[in-house]
Protein chains: 4
Amino acid sequence: MIIVLKPEATPAQAEELLQAITALGLRPLHMPGTERVVLGALGDERVLERLHLDSNPIVESVKPILAPYKLVAREMHPHDTVVELGGVGIGGERVVVIAGPCAVETLEQMRRSSRAVVEAGARILRGGAFKPRTSPYSFQGLGLEGLKILKCVSGELGVPTVTEVVEVADVELVDTYADGLQSVDRNMQNFRLLQALGQSRKQVILKRGMAAKIEDLLLAAEYILAEGNPNVILCERGIQTFETATRNTLDLSAVPAIKARSHLPVIVDPSHGTGVREFVAPMAKAAVACGADGLLIEAHCDPTVALSDGKQSLFPEQFAALMRELTPFAAAAGRAL
Amino acid sequence: MIIVLKPEATPAQAEELLQAITALGLRPLHMPGTERVVLGALGDERVLERLHLDSNPIVESVKPILAPYKLVAREMHPHDTVVELGGVGIGGERVVVIAGPCAVETLEQMRRSSRAVVEAGARILRGGAFKPRTSPYSFQGLGLEGLKILKCVSGELGVPTVTEVVEVADVELVDTYADGLQSVDRNMQNFRLLQALGQSRKQVILKRGMAAKIEDLLLAAEYILAEGNPNVILCERGIQTFETATRNTLDLSAVPAIKARSHLPVIVDPSHGTGVREFVAPMAKAAVACGADGLLIEAHCDPTVALSDGKQSLFPEQFAALMRELTPFAAAAGRAL
Amino acid sequence: MIIVLKPEATPAQAEELLQAITALGLRPLHMPGTERVVLGALGDERVLERLHLDSNPIVESVKPILAPYKLVAREMHPHDTVVELGGVGIGGERVVVIAGPCAVETLEQMRRSSRAVVEAGARILRGGAFKPRTSPYSFQGLGLEGLKILKCVSGELGVPTVTEVVEVADVELVDTYADGLQSVDRNMQNFRLLQALGQSRKQVILKRGMAAKIEDLLLAAEYILAEGNPNVILCERGIQTFETATRNTLDLSAVPAIKARSHLPVIVDPSHGTGVREFVAPMAKAAVACGADGLLIEAHCDPTVALSDGKQSLFPEQFAALMRELTPFAAAAGRAL
Amino acid sequence: MIIVLKPEATPAQAEELLQAITALGLRPLHMPGTERVVLGALGDERVLERLHLDSNPIVESVKPILAPYKLVAREMHPHDTVVELGGVGIGGERVVVIAGPCAVETLEQMRRSSRAVVEAGARILRGGAFKPRTSPYSFQGLGLEGLKILKCVSGELGVPTVTEVVEVADVELVDTYADGLQSVDRNMQNFRLLQALGQSRKQVILKRGMAAKIEDLLLAAEYILAEGNPNVILCERGIQTFETATRNTLDLSAVPAIKARSHLPVIVDPSHGTGVREFVAPMAKAAVACGADGLLIEAHCDPTVALSDGKQSLFPEQFAALMRELTPFAAAAGRAL
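Residues numbered from 1 in each chain as written. Chains lettered and ligands numbered in written order. Predicted model: local features only at pLDDT ≥ 70, side-chain atom pairs only at ≥ 80, totals over all residues. Heavy atoms only, no water.

Undergrad: Please set out the packing of aromatic side chains residue by residue, giving values where relevant.
TA: Residues and elements named next belong to chain B. For the structure shown, the criterion picks out four aromatic pairs over all chains. Measuring from ring centre to ring centre gives 4.6 Å for Phe191 and Tyr223, while their planes differ by 25 degrees; the resulting arrangement is stacked. Highlighted residues: Phe191 in helix α5 (residues 191–200) and Tyr223 in helix α6 (residues 214–226), separated in sequence by 32 residues. Looking at Phe191, the relative accessible area reads 5%, which means it is buried. The exposure class of Tyr223 is buried, given its relative accessible area of 1%. (Phe/Tyr/Trp six-rings, centres within 6.5 Å; stacked < 30°, edge-to-face > 60°. Helix = DSSP H or I, 4+ residues; strand = E, 2+ residues; numbered from the N terminus. Buried < 20%, exposed > 50% of the residue type's maximum accessible area, 1.4 Å probe, protein only.)

Have a look at this one:
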């Protein structure tokens, strides 16, 4: 940690801080300059929190040297982690496509949508039973009934599933019915839910919040790993910006930026990331090209009657075409679909 | 609702949509143009959701005429709502200052901090027992112990309190110990929590999320009112932008913008909104000047040792000075403190 | 145009507006509803500006049906435009790579950098003679001397060049020395410069501003086309967001979003878009995958001594590796490099 | 400057850098840690640019200790600067209101608008002759004709004027007709224009760009001061964010944030900052409350027929009411209007 003192700080105050740094077991450094005194503290910076440097009136700024997340950092864990989800490895040689409708609506809808995506090459199914919606007057999901449909279709097709969990109280329930738990972006900083997911040992797809920096996402993942669950897959799904031509701005640079910092697998959701059906295929290809380990794509047997997010859901034939077109891009990236 | 069809839409498709609009009990309108056909649907637009217009491939765009929130809208409720919280009216003639430390740390700390702010004129106390923190290695609050301290100090000073609730399972517990429940910005779209707050009938301070548009905030409030709880106070606390000189960008225009749309009271949190102690006082004055009904301010008996957010907490003498300086601004706004 | 009147607008006021719409040669529409009256105006919406609807106190909102840009719109010009720049077609079958150092520094540096990128497959050279820099104390470019070096190297290698123009007064000068003129993002809304570029008939690379919506970019291009110059290449180079892990947030969704709206070619600058050398290659591949017609890449014979933007400049061997790796991605997109 | 080396940097490489720092006349510091080596360089950091640290592959990050702007910094110039503009001091005891229409349209319109605002208490007139507009089909201003009208009305009323300058070539012309030159936000980083303004010695209102950090604004001002012109007034006018209820997000925290960093006067433009007539008055009051030295307000004799920005222009009676209401807020801030 680099600690820049204000011009008015006295030598005695600087000395006092250096002793406090030493007392914490860190290595202190003293750098007196012409305009400012700069102090350093080397070692595990997490203990420095006890000094409340941020609140100290003689401290002008505090700049960390090392990342504040430890377990998710690549530094101590240089090799890529592969997370197994229902027998499918995410983060390894294959680019894994997870697909299905935004929401489970009926057994028939889920069956037809799932069959279409599995036949086209999707290896994991998605479908929401609990749907957080901006308006209280929108369809909120089928709940338990939806989970049962999901498990039924999963069994029929022999394909694992992921579904949203929105509440601590639901973790156990959802765990019974699905192979992977998907956090929703609006819950990325619901720390209680993160802790519950950390205790569940279940595979977790952690979606980046719309206002979350990459560092915030990695710290949210650290909550889960710190509880003992290493099975975390990070998901870029668009951030909130001023642009209105797309629902969100898909931040694909997050893929290499996360991979530079963390060993965890990274997937991309181009459906929520753009909110526009026509842009899903180009952005799916771009995600594979920049190194994503998987894709999370909304496809529906008939998007024109979808109860949620129909505008961004692919028609079955569009999804099949996308899978065909993705193959050479995956190959160019040295991977298979 | 205004529905713009794509150039390739046929007259038969347009006619079909008009009939569907009529079948929903809305008034249909047909506006054939040279380049596009435009349809209209007048009446309660919420029923239109059943038509899945957004997903319809012949529909180019759908533009609402009326606001999607109904109970929070000023349109049907022209007069300002005053929410009573522990005997203090928010939204009425007085600008209400809610103050206290970010987190309850010890009985002594809470007592000293509270006494200082109450003596200076704060009318409601704040203090967090459950603290959501970006890093799992930061102090997370005292939990139940914190709630007990809060209630104890509240009783000693005879002043009501508000505190954060972060989880559905905690609503009842927190309800027992505090007079008002404060959502945290990261939970603004935790819809289960909103529904639980709606069922509690408790006074709720709903904080705007960092990526939430004003419309999103009003829809989140609609979740609470739709469950039957009218006691909602909206709180502007800064949005996520590219600026780094402040922790967030305090969007004070939200005050008049919300008041133009809704009858609910609006307060401002300049502590989280700026993240910088020196900017709290000027922004508190600005909030009062543009019509805020109250302020939520962090003050601590000794910010240099605060366990969270010390950097933005006022020293007791700074808080007292701010209260003195606020008085003429409240008077200029035609109100009292 | 859809014109929603305020609830208090009288029938006489509505009638008056309808007559004004008719007088402008547009087709008027009247849609009285239970809560609001809605008017429509069909035809070329640009003439409506004369009615000052936005400022009219009885008008609640005005919503355009058609795009405000006309010449750049795909609607009237469905086929992709190919812009010829020094004999190289941009927007056609090949993905064109434009590369070179951020700034021209010396003849030797420009020669070595250019030779390296041309040998690796770049088809157009870049190099700035006029460098707009955030700080007045940073290197500002060699000016005329830089233009001369650029032309000299271009002649030696037989490869066309593009370079920045930052000022109306320089358009003619730069035109003499370079094959294409590149606007800088900070000048995207320097409308005088756009008009001068429109009058020049020169190939123009128009870079998106950091706060510019896609619609703003298309309107800026409309300025150039409206002056009679159709040779415009649009360039996505990152927008300003809250994320700090990258210098800007590269908005690759802009590629399909622009192509849906406009016939103009689109290229991507992953160097400025990320600001981080290690992220240039993955984002270049992603850009090709989502349909970009070209890339603008900074490469320097020795980035460790570059006078500007060294942090994001590729080393010669990195650039050569990128060109090899790009080939299968271009092939997957049905194109050649 | 704090220089964090990558873990793989060798002691010899560190030593080499330390010698280079010494050779530049700076004081070097060596801080070897367990995981990283950190170097320091104390003195005028601007010379460090010559080392290209950002591009050095063994350097992980470079963190400045001191601000990159020097002449605008409060550090070396602790007292507030008062800029005299046509006899009116900005930055002193009075809050100065600059008002008038967005664009000069006709002599009659300018006369009536100006008389109204001057009678109500405005001390400087504004009115644009060169109007940069997003669309090429919008009204672009009267040019020289507009400047003549402005000067004529200024003479009739005996009140100084400010007007936009958009182009280096116009600086001299505009200088002849107006008392202050106003940059437009889209030109905040038109560095040639800044230099020309710096050479002019004229009073300059420098408007913050929509994507500009406060630091970028201060560096833009540094361009003007570095050319020898100290007469700069900074203007906050809203930044680009995701919120759509207002045209921009007025960042009032910029007022105290700039004042903490710089001695230059700061004014606020609530008209462009909100884009909504009804929000101009509350935000004007808020600006005065948080310490603004002046306001830039659009008012028009008849906004319903204004050729630009009518939606955000005040009616004469609204402007007069605002001036009356502002008085107690200015008094509460210890100032007069």
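Continuing now.
Undergrad: So what's going on with the relation of the copies chain D and chain C? Residues and values would help.
TA: Rotating chain D by 180 degrees about the axis while translating it 0.0 Å along that axis superimposes it on chain C, leaving an RMSD of 0.0 Å. Taken together, the rotation angle and the small translation identify this as a two-fold axis. Judged by C-alpha distance, Ala211(D) is the residue of chain D that lies nearest the rotation axis, at 2.6 Å. Comparing contact sets, 96% of the residues at the interface of chain D also lie at the interface in chain C, consistent with an isologous, same-surface contact. (Least-squares fit on C-alpha atoms with pLDDT ≥ 70 in both. Contact = heavy atoms within 4.5 Å.)

Undergrad: Tell me what's going on with the interface of chain D and chain C, and back it up with residues and numbers.
TA: Listed by partner, the interface residues are 48 residues for chain D and 46 residues for chain C. Both sides of the chain D and chain C interface together cover about 4000 Å² of buried area, and 51% of this is carbon and sulfur. The tally of links from chain D across to chain C stands at two salt bridges. Salt-bridge contacts for Asp170(C) lead to Arg192(D); the nearest nitrogen and oxygen are separated by 2.8 Å. On inspection of chain D and its partner chain C, the count reaches 18 residue pairs in polar contact (both at pLDDT 80 or more). Among the elements of the structure, α5 (191–200) and α6 (214–226) of chain D are those that each provide at least two residues to the side of chain D that touches chain C. Classifying every residue of the side of chain D that touches chain C gives 22 nonpolar, 13 polar and 13 charged. (Buried area = accessible area lost by both parts, 1.4 Å probe. Salt bridge = Lys/Arg side-chain N within 4 Å of Asp/Glu carboxyl O. Polar contact = N/O pair within 3.5 Å; in protein donor to acceptor, adjacent residues only side chain to side chain. Nonpolar A, V, L, I, M, F, W, Y, C, P; charged D, E, K, R; others polar.)

Undergrad: Break down helix α7 (residues 254–261) of chain C for me, citing the residues and quoting the values.
TA: Burial analysis of α7(C) places six of its eight residues in the buried class, the great majority of the element. All of the buried residues along α7(C) are Ala254(C), Val255(C), Pro256(C), Ala257(C), Ile258(C) and Lys259(C). Summarising the contacts, the buried residues of α7(C) are in contact with α9 (277–289) of chain A together with α6 (214–226), β12 (232–236) and β13 (266–268) of chain C.

Undergrad: How would you explain the side chain of Gln109(A) if you had to name every residue and give the values?
TA: Mapped onto the elements of the fold, Gln109(A) is located in helix α2 (residues 107–120). Non-local contacts of Gln109(A), meaning those with residues more than four positions away in its chain, are made with Pro101(A), Ala103(A), Val104(A), His300(A) and Cys301(A).

Undergrad: Mind laying out the interface of chain D and chain B, listing which residues take part and the relevant values?
TA: Interface size is commonly expressed as the accessible surface area that is lost when the partners come together. Listed as interface residues are 35 residues of chain D and, on the opposing side, 35 residues of chain B. In total, about 2700 Å² of surface goes out of reach between chain D and chain B, with carbon and sulfur atoms giving 73% of it. Inspection of the region where chain D meets chain B yields two salt bridges. Here Glu243(D) and Arg208(B) are joined by a salt bridge, their closest N and O atoms 2.7 Å apart. The interface formed by chain D and chain B includes four residue pairs in polar contact (both at pLDDT 80 or more). Residue assignment for the side of chain D that touches chain B shows that the elements contributing at least two residues are α7 (254–261), α9 (277–289) and α10 (316–332) of chain D.

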